[in-house]
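Commentary on secondary and tertiary structure
Each chain, letter by letter, is given below.
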Amino acid sequence: MMPSRIAPHPNFPTGEPGQDISQRLAGDAIRSLREIPILNGVLLEGVALLGASSTRVYHNLGRAYRGYIVVSNNKTTDIIVVESENKDPGKYIALKSANASGTFNATVSLWVF
């Protein structure tokens, strides 16, 4: 099971069957949410990316990232993973900013999961 940023639901038996069932069902729902990779991410804001070379973006997930979503971008560019420099996905993503016209510096916000 992957590390999660969603806290586990505690289980405190009350002796009341209806309340115990509700508590168990709530716990089951929270556990199922914890297993959805995209929900177990981190928002990184104001990340400065260089167009000419890759930038290591440290995510602190405690595991290899599964993907990322560009939440905002101050330029009209694509944000790409530089696979040849993405040596430790458990710690960072090597990203670069580019488009068909060339490479550009950009400031982005990313949801990394």
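Below or above, wherever it landed, is the structure these notes cover. (Residues numbered from 1 in each chain as written. Predicted model: local features only at pLDDT ≥ 70, side-chain atom pairs only at ≥ 80, totals over all residues. Heavy atoms only, no water.)

**Considerations on the overall build of the protein chain**
Across its full length, the protein chain carries one helix and seven strands. Starting at the N terminus and walking to the C terminus, you meet the elements of the protein chain as α-β-β-β-β-β-β-β. Here the protein chain holds 113 residues, and 30% of them are scored as buried. Long-range contacts, defined as pairs at least 24 residues apart, comprise 68% of the intrachain contacts of the protein chain with a sequence gap of at least 6. (Helix = DSSP H or I, 4+ residues; strand = E, 2+ residues; numbered from the N terminus. Buried < 20%, exposed > 50% of the residue type's maximum accessible area, 1.4 Å probe, protein only. Contact = heavy atoms within 4.5 Å.)

**As for the sheet that holds strand β3 (residues 68–73)**
An order of β1-β7-β3 is seen for the three strands of this open sheet, with the pairing classed as antiparallel. Every other strand in the sheet has two partners, leaving β1 (42–49) and β3 as the edge strands with one partner each. Put simply, the sheet's adjacent strands are angled 30 degrees from each other on average, direction ignored. Relative to strand β7 (residues 106–112), β3 runs antiparallel, the two sharing five bridges. Paired with Ser 72 across the bridge in β7 is Ser 109. (Pairing = 2+ DSSP bridges. Axes fitted to C-alpha atoms, helices over the stretch in contact; angles between N-to-C directions.)

**Comments concerning the nonpolar core**
If you look at the biggest cluster of nonpolar residues, it comprises 14 residues, and the most contacted ones within it are Leu 49, Val 57, Leu 95, Val 108 and Val 112. For this core, the elements supplying multiple residues, two or more each, are β1, β5 (92–99) and β7. (Core = buried A, V, L, I, M, F, W, Y, C linked by side-chain atoms within 4.5 Å.)

**Brief notes about helix α1 (residues 17–34)**
The terminal C-alpha atoms of α1 lie 26 Å apart, and with 18 residues this matches the ideal 26 Å at 1.5 Å per residue to within 8%. Taken together, the buried positions of α1 are occupied by Gln 23, Gly 27 and Arg 34. Projected onto a plane normal to the axis of α1, the buried residues spread over an arc of 35 degrees and lie on a single side. (Expected span 1.5 Å × (residues − 1). Arc of directions from axis to C-beta.)

**Considerations on the pattern of salt bridges**
The full count for this structure, using the stated rule, is three salt bridges. Measuring nitrogen to oxygen at the nearest pair gives 3.4 Å for the salt bridge that ties Arg 24 to Asp 28. Placement of the pair is Arg 24 and Asp 28 together in helix α1, with a separation of four residues, close to one helical turn. Taking the relative accessible area as the measure of exposure, Arg 24 reaches 45% and is therefore partly exposed. Here Arg 31 ties to Asp 28 by a salt bridge, and the two come within 2.6 Å at their closest N and O atoms. Of this pair, Arg 31 and Asp 28 both sit in helix α1, separated by three residues, roughly a single helical turn. Among the residues examined, Arg 31 registers a relative accessible area of 38% and is labelled partly exposed. (Salt bridge = Lys/Arg side-chain N within 4 Å of Asp/Glu carboxyl O.)

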